[in-house]
Each structure stands twice: as structure tokens, then as C-alpha cells.
Amino acid sequence: MESCLFCKIAAKQIPARIVHETDRILAFEDIAPKAPHHILIIPKEHFASFNELPAEKGALLAEVLMTARAVARERGIAESGYRIVLNTAPDSGQEVFHIHFHLLGGRRMSWPPG
Ligand code: AMP
Ligand code: ZN
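**A word on the side chain of histidine 37**
Its place among the elements puts histidine 37 in strand E3 (residues 37-43). Discounting chain neighbours no more than four positions away, the residues touching histidine 37 are Arg75, Ile77, Leu103, Leu104, Gly105 and Gly106.

Next comes the structure, spelled out in C-alpha cells:
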């Protein structure tokens, strides 16, 4: 999608600190990290949010999620703990309307989220 920030990052039209890439998935550092480790994991294919993801894309979603776990292991935070967040629609705080998981770790987090 032409006007989408994360589509532009996936197309390398906007720079990002890339952590992991396949032909379907990209993981990159969040530009304004909320934890010592804060990585965004996206499918390169554009879906505005989880609400727009067709059910038949479940395997792609699982791949994105497994990538988040693999990055957590690579960063050495799998055992200390991490949080994976999928903000969906305005009440969640979603600001970028290209589906993405946040991987957050490296510090103790509180619950419930704000
Ligand atoms: P959300 O609120 O779930 O939509 O999260 C969007 C995230 O994208 C925020 O954590 C932002 O800091 C992050 N972000 C915005 N612009 C960029 C960018 N150019 N590169 C990396 N992360 C970004
Ligand atoms: Zn997009």
C-alpha cells in the first residue's frame, strides 16, 4: 500500500534497523523503544490491522509470531521474559495501520497495561 509507513519500510524506501528478514516477514527495531528490547515484527503483505486479516492468513500470522519468539531467544530474553503485543484499532493505541507485533523485553513489566 503506497501511503503505508511499514509497507515503505518493507520496500526499503524508508530506513529501519532490520533484525530479521524473509520474503514474507520483516523484524526491525522500534524507533521509540519502550523497553531495552523493542522490536516490531510484520508480514510484508499489507493488512491494516488484525481485524482485516483473513482467516486463511493464519499460517502467516503464526510465522510472524514464531519470528517474535525466535528474536526473543536470539536476544537472550526468552527465559527472563518478554511481552508480545498486537494493538488492534484505536482503543488499543494502534497508531500505524499495518498489522505488527511488538516484542518487548529486558525489563520487568507491569500488569494490567495502561
Ligand atoms: P502501534 O501504536 O501499535 O501502532 O505501534 C506503532 C509503533 O511504530 C510505535 O511503537 C512507534 O514507535 C513505531 N514506529 C513509528 N514509526 C516508526 C519507524 N519509522 N520505524 C520504526 N518504528 C516506528
Ligand atoms: Zn502497509
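**Quick look at the coordination of the zinc ion (ligand 2)**
Taken together, the protein ligands of the zinc ion (ligand 2) are Cys4 (SG), Cys7 (SG), His46 (ND1) and His98 (ND1), with distances of 2.0 to 2.3 Å. Around the zinc ion (ligand 2) sit 4 donor atoms; with metal-centred angles ranging over 107 to 117°, the donor geometry is tetrahedral. Judged by its relative accessible area of 6%, cysteine 4 falls in the buried class. Given the relative accessible area of 23%, histidine 46 is considered partly exposed.

**Some remarks on the site of ligand 1**
Lining the immediate environment of ligand 1, one finds 18 residues, of which Asp30, Glu95, Val96, His100 and His102 sit closest. Contacts to ligand 1 include lysine 34, whose side-chain N or O atom sits 3.3 Å from an oxygen atom. Note that an oxygen atom of ligand 1 is positioned 2.6 Å from one of the backbone N or O atoms of glutamate 95. If ligand 1 stood free it would expose 500 Å²; the protein chains cover 87% of that surface. Put simply, the parts of the chain that give the shell around ligand 1 at least two residues each are helix H1 (5-10), strand E2 (25-29) and E3. Among the elements that take part in the shell around ligand 1, H1 stands out by supplying 3 residues, more than any other. Considering only residue class, the shell around ligand 1 consists of 8 nonpolar, 6 polar and 4 charged.

**Considerations on the sheet that holds strand E4 (residues 82-85)**
As summarised here, the arrangement of the 5 strands in space is E1-E2-E3-E5-E4, forming an open sheet in which the pairing is antiparallel. Among the strands making up the open sheet, the edge pair consists of strand E1 (18-21) and E4. Each adjacent strand pair in this sheet contributes to an overall mean axis angle of 20°, direction not counted. Where E2 meets E3, 5 bridges bridge the pair, whose relative direction is antiparallel. Within the sheet, the bridge partner assigned to glutamate 29 lies in E3 and is isoleucine 39. Its contacts with the sheet put helix H2 (residues 58-74) on E1, E2, E3, E4 and strand E5 (101-105), and the angle it makes with E3 is roughly 155°.

The rules we used
- Residues numbered from 1 in each chain as written.
- Chains lettered and ligands numbered in written order.
- Predicted model: local features only at pLDDT ≥ 70, side-chain atom pairs only at ≥ 80, totals over all residues.
- Heavy atoms only, no water.
- Helix = DSSP H or I, 4+ residues; strand = E, 2+ residues; numbered from the N terminus.
- Contact = heavy atoms within 4.5 Å.
- Donors = N, O, S within 2.8 Å, 3.2 Å for Na, K, Ca; no water.
- Tetrahedral: all angles 85-135°; square planar, octahedral: opposite > 155°, others 65-115°.
- Buried < 20%, exposed > 50% of the residue type's maximum accessible area, 1.4 Å probe, protein only.
- Near = heavy atom within 4 Å.
- Polar contact = N/O pair within 3.5 Å; in protein donor to acceptor, adjacent residues only side chain to side chain.
- Areas by Shrake-Rupley, 256 points an atom, 1.4 Å probe, with all protein chains shown as cover.
- Nonpolar A, V, L, I, M, F, W, Y, C, P; charged D, E, K, R; others polar.
- Pairing = 2+ DSSP bridges.
- Axes fitted to C-alpha atoms, helices over the stretch in contact; angles between N-to-C directions.

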